[in-house]
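Here is what each chain is made of, one letter per residue.
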Amino acid sequence: MQPQHYAAFLERIGHTVREANGVHWFNVFSRAWACFPFESQLNPAEVDLSEVMDHRGVLARFCCKVEDGARSFRQILTEENYSLTSLDPKARNKTRQGLEKCTYGQEDARELGADGIDLHAQTLRRQGRKISDNYESYWGKYFDATAQCPAATVWAARYQGQLASFLISFRIGTVENICIVRSDEELLKHRPNNAMLFTFLQQALNRDDTTEVCIGLQSLQAGMNSLDMFKRGMGFIEQPIGQRIELRPTLGFAVPRSLAKLAGKAVGRIHNEYAARLAGALSLYADQPKIRRTA
């Protein structure tokens, strides 16, 4: 699938997308930008930020070679013969339970409807994240845009007919990118996440045109160790990469790395999702090597 399909999806839900430096960029938040395909490794010395963001943009996040950024990882799976033996013993037992108790498979995004929106809210609350006032209208738009996107796959698990978990993956090139995983807290004991993820991975990796499945970069937020352990248990490996945070040039000259590290620690004491991500971005910026820019 061409990246234009994912670009069109992002535009349908209100993001701005532009091409620069050989990749697509979108505003994750109003002042923060990221690029896709997500596995792209850019040369930070050649990234022209003036082509990426307008005067309101503050930072851009992207992957690079390990030596060019703060050491990080992508969580990926490339195993063609993915099976229960690919899982660690604890995850294998839980997955067997989920396969026995749940039904699972591909679903239509629009048919998730209110149940999908409710699972989204439950998951955010469980993770201590804030529910925005417009989340129902936004996620209704998100599911509608997903249904229109030929690069999207919705995969779900149900327990006795009730939606227990779902994921949304976007195919860009030959890579499946799992972007959303949501679940019902009361039904987690039936292991729907294990059954859902395992069966999705099996069918995705069995396709000749799939080179890998990625479930994300190392998070900017602290305290994600349990989630990372779950992914490792399901067979994901942590591929070393570099991550970089580049500030708009006028800000980059004004924010020394030592100050960024202190600011990151201060912001991290504010208990909300955006502050946690900003704290992580500032800490990453402080840890990355200096690069002599050519752009």
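Fair warning: this is a prediction, and the values are worked out from it, not measured in the lab.

*Asks:* Please explain the packing of helix α4 (residues 109–126) against helix α5 (residues 135–148) as it appears in this structure.
*Replies:* Between two packed helices, the angle of one axis relative to the other and the distance separating the axes together describe the packing. At their nearest, the axes of α4 and α5 sit 9 Å apart, and the two run at 130 degrees to each other. Classified by the interaxial angle, the pair formed by α4 and α5 is oblique. For the crossing formed where α4 meets α5, the hand is right-handed. Here A109, R110, L112, G113, G116, I117, H120, A121 and R125 of α4 lie close against α5, whose contacting residues are Y135, E136, W139, G140, F143, D144, T146, A147 and Q148. Tallied by class, residues from the contact of α4 with α5 come to eight nonpolar, six polar and four charged.

*Asks:* How do you make sense of the pairing of strand β1 (residues 17–20) when you look at a structure like this?
*Replies:* The side chains of a regular strand alternate between both faces of the sheet. In this sheet, strand β2 (residues 23–27) lies alongside β1 in antiparallel orientation, the contact comprising four bridges. Opposite R18, over in β2, you have W25 as the bridge partner.

*Asks:* Sorry if this is basic, but what is going on with the pattern of salt bridges here?
*Replies:* Opposite charge on two side chains permits pairing when their charged atoms draw close. In this structure the tally under the stated criterion is nine salt bridges. Where R74 meets E212, a salt bridge forms, and the shortest distance between an N and an O atom there is 2.6 Å. With a gap of 138 residues between them, R74 in strand β5 (residues 70–77) and E212 in strand β10 (residues 212–217) connect regions that are remote in the sequence. Residue R74 is classed as buried on the basis of its relative accessible area, which comes to 3%. Taking the shortest distance from any N to any O, the salt bridge between R158 and E107 comes out at 2.8 Å.

*Asks:* Quick question: what am I supposed to make of the sheet that holds strand β9 (residues 175–183) here?
*Replies:* Strand pairs in the sheet, formed through backbone hydrogen bonds, run parallel or antiparallel to each other. Ordered by their spatial adjacency, eleven strands build an open sheet running β1-β2-β3-β4-β11-β5-β10-β9-β8-β7-β6, and the pairing between neighbours is mixed. Each of the sheet's edge strands pairs with one partner strand only, and the pair in question is β1 and β6 (103–106). Direction aside, the axes of adjacent strands within the sheet are offset by 30 degrees on average. By the bridge criterion, eight bridges tie strand β7 (residues 152–159) to strand β8 (residues 162–172) in an arrangement that is antiparallel. Note that in β8 the partner of A152 across the bridge is F170.

*Asks:* Explanation requested: helix α7 (residues 225–233) in the structure shown.
*Replies:* When α7 is considered as a whole, its buried residues turn out to be D228, K231 and G233. The secondary structure elements touched by the buried residues of α7 are β5, α3 (89–101), β10 and β11 (237–247). Positioned one or two residues after α7, G235 has a phi angle of 105 degrees, which is positive.

*Asks:* Looking at this model, I keep getting lost on unusual backbone geometry. Mind explaining?
*Replies:* Among all residues save glycine, negative phi is the norm, and among peptide bonds the norm is trans. Residue P37 is reached from F36 by a cis peptide bond, and omega for that bond is 5 degrees. Position of P37 relative to the elements: it lies in the loop between β3 (32–36) and α2 (49–52). In the Ramachandran plot, N21 falls in the positive-phi region, its phi being about 60 degrees despite a non-glycine side chain. Within the fold, N21 resides in the loop between β1 and β2. Exposure remark for N21: the relative accessible area of 26% places this residue in the partly exposed category.

Definitions and limits used
- Here, residues in each chain are numbered from 1, in the same order as that chain's written sequence.
- In keeping with the predicted nature of the model, local features appear solely for residues at pLDDT of at least 70, side-chain atom pairs appear and are counted solely at 80 or more, and the whole-chain, interface and lining totals rest on all residues.
- The basis for every side-chain value is the complete set of non-hydrogen atoms in the structure, without hydrogens or water.
- The convention used is that axes are lines fitted to C-alpha atoms, helices contributing only their stretch in contact, and that angles between N-to-C directions extend from 0 to 180 degrees.
- Where helices and strands are cited, they refer to DSSP runs of H or I of at least four residues and of E of at least two residues respectively, numbered from the N terminus.
- Any angle that falls under 35 degrees is termed roughly parallel, while one over 145 is termed roughly antiparallel, one within 65 to 115 roughly perpendicular, and all others oblique.
- Two helices that cross are described as forming a left-handed crossing if the nearer one is turned anticlockwise from the farther one by less than a right angle, and a right-handed crossing if clockwise.
- Should any heavy atoms of two residues lie within 4.5 Å, those residues are counted as being in contact.
- Nonpolar residues are Ala, Val, Leu, Ile, Met, Phe, Trp, Tyr, Cys and Pro. Charged residues are Asp, Glu, Lys and Arg, and all others, Gly as well, are polar.
- Two strands are said to pair when DSSP picks up at least two bridges between them.
- Definition used for salt bridges: Asp or Glu carboxyl oxygen within 4 Å of a side-chain nitrogen of Lys or Arg.
- A 1.4 Å probe rolled over the protein chains alone gives each residue an accessible area, and that area as a share of the maximum for its type sets the label: buried under 20%, exposed over 50%, partly exposed in between.

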